[in-house]
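Notes for the structure review
One letter stands for each residue in the lines below.
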Amino acid sequence: MYRASRKIKTAHGTIITPFFMPDATRASVRGVAREHILAAGISEMVVNTYHLMLQPGMDVIRRVGGVHALMGWERPLLSDSGGYQVYSLIHKNARLGAIVEEGARFRSVVDGSQHLLTPEKSISIQADLGVDMMVVLDDPRPNTASYDDIAAAVERTIRWAARCRRAYAAQARTRGWTQQTRPKLFAVIQGGPYAELRARCAQGLIDVAQRIDDGFGNMHWDGMGFGGRHIDAQGNLMEDALAQTASLIPKTSLAFALGIGTPEDIVRCVRMGWEMFDCVIPTREGRHGRAFLWAHDARERIAQFLTTGTYTPFYNYVNVRTATHRTDMRTLRVPTQRGETTYTYAYVHHLLKVNDPLGSAILARHNLAFYAQLMHMLRAAVV
RNA sequence: GGGUCGGUGGCAGAGUGGUCAAAUGCACCAGACUGUAAAUCUGGCGACUUACGUCUACGGGGGUUCAAAUCCCUCCCGGCCCA
């Protein structure tokens, strides 16, 4: 069952669960300015260790005083460890990298240069980024990998989590973090499609937290995520896996469903107990011409699903690129700093057709507002 | 008026006797996208047909040939050169 809404204090403000973070992988949500992110009702974003260490590079990040300063963003940020990027690179093209016990060896997609991202280095980089929430380096595997391969990745993920936790404690000393200012530390559960491996991974990670001091005497992870891919070959949410994994996460830790998802997936996951999400869907789909739209009685349908488990579709998904919108003068709501404005479908359709980034940006902003509203409804429903 | 080069699918542009319903790009019509190597990728794109397939097509008309977008004749149209 869902977890009640709770507040998390960070150095850049208080977060209320459940919440959704758009991916600002390279320190920007592609094409959407920070004032438009805020206007959409979004207060947290995810940046990426892998991308930022390559560009602009940690030398620049340190000199400008961190990624908040670089972006001019005053709200909470989470950095992903880079594990997923290395996984993505390696599994799409084995020449681009390899996992070794020391860490993830990979070639930069920016300039082809070779790098070794270790658990310690990932934590150090994330500390330099200055984010409010950081994630341990993990070893994701495709769900199609062999049982033995995934089992080995689970054990490695646990060992790497232990190294990350020690590195975190060392950073805490060096940088003088306090219990109030320190970034939250998230572990990541692997195990893919195998329930016993997920359980083993979760228990292994919990043991690590109890065994290794984070520098503040905490005996738990601030958050625990579920990594890898949670979508089957048909594009459906792996509900059993997500439900089981949510149940493995102690209430002392925030439950973070990495990379999820569609509005429906998020609602389903919140019911299972997941509390935080990040995904490219609202922005990528927007960039590619899709808009999420509320169905009638969406709020009631969501509330009904949370209490009874009976799911009724609560939104529509429209492709504004299709010819039907060429002269469609109905309007699409887009958030602004002073409330809201509207654009006609016909205009957005035209902008998309002429490849003006404005069309993509309008839809991304619209979809971000949709996701923010969704999370607002969910917060109200899980009191 | 003479010469010359050329007219190919919505556009640009290959092809110069058979494997051509015609490369490729763009446009167009759809689809995909879930810790962003994604302003990316996939499919369709003459007509009819679920499909096998059938028909009509490379400016118009007429020939040669078993077979023509490709060769010949003629007409129409366009560029350039000469008068």
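Preceding block: the structure.
To keep things clear, this report deals only with the structure shown in the data block. (Residues numbered from 1 in each chain as written. Chains lettered and ligands numbered in written order. Predicted model: local features only at pLDDT ≥ 70, side-chain atom pairs only at ≥ 80, totals over all residues. Heavy atoms only, no water.)

On to the environment of Glu74, then. The topology assignment puts Glu74 in the loop between α3 (67-71) and β5 (77-80). Take Glu74: its relative accessible area is 63%, and that puts it in the exposed class. Separated by 63 residues in sequence, Glu74 and Ala11 place their C-alpha atoms 9.5 Å apart. Setting aside anything within four residues of it in sequence, one finds Glu74 in contact with His12 and His68. (Helix = DSSP H or I, 4+ residues; strand = E, 2+ residues; numbered from the N terminus. Buried < 20%, exposed > 50% of the residue type's maximum accessible area, 1.4 Å probe, protein only. Contact = heavy atoms within 4.5 Å.)

Within the secondary structure, Gly192 is located in the loop between β10 (184-189) and α7 (195-211). In the structure, Gly192 is positioned 41 residues away from Ala151 in sequence and 9.4 Å away in space, judged by C-alpha atoms. Each residue touching Gly192, except ones within four places of it in the same chain, is listed here: Asn143, Ile150, Arg198 and Phe226.

Looking now at the packing of aromatic side chains. Counted under the stated rule, the structure contains 19 aromatic pairs. Judged by centre distance (4.7 Å) and plane angle (50°), the ring pair of Phe20 and Tyr371 falls under tilted. Within this pair, whereas Phe20 is found in strand β3 (residues 19-22), its partner Tyr371 is found in helix α13 (residues 357-381), the two being separated by 351 residues in sequence. Both residues of the pair, Phe20 and Tyr371, belong to the buried class. For the ring pair Tyr343 and Tyr347, a centre distance of 6.1 Å and an interplane angle of 20° mean the geometry is stacked. Of the residues examined, Tyr347 reaches a relative accessible area of 36% and is grouped as partly exposed. Taken together, the ring pairs connect Phe20, Phe292, Trp294, Phe305, Tyr311, Phe314, Tyr315, Tyr317, Phe370 and Tyr371 into an aromatic cluster. Here the guanidinium or amino end of Arg182 rests over the ring plane of Phe216, the centre of that ring lying 5.3 Å away. The cationic tip of Arg330 hangs over the ring face of Tyr345; the distance from NZ or CZ to the ring centre is 5.0 Å. (Phe/Tyr/Trp six-rings, centres within 6.5 Å; stacked < 30°, edge-to-face > 60°. Lys NZ or Arg CZ within 6 Å of the ring centre and 35° of its normal.)

Just geometry here; none of it tells us what the structure is for.
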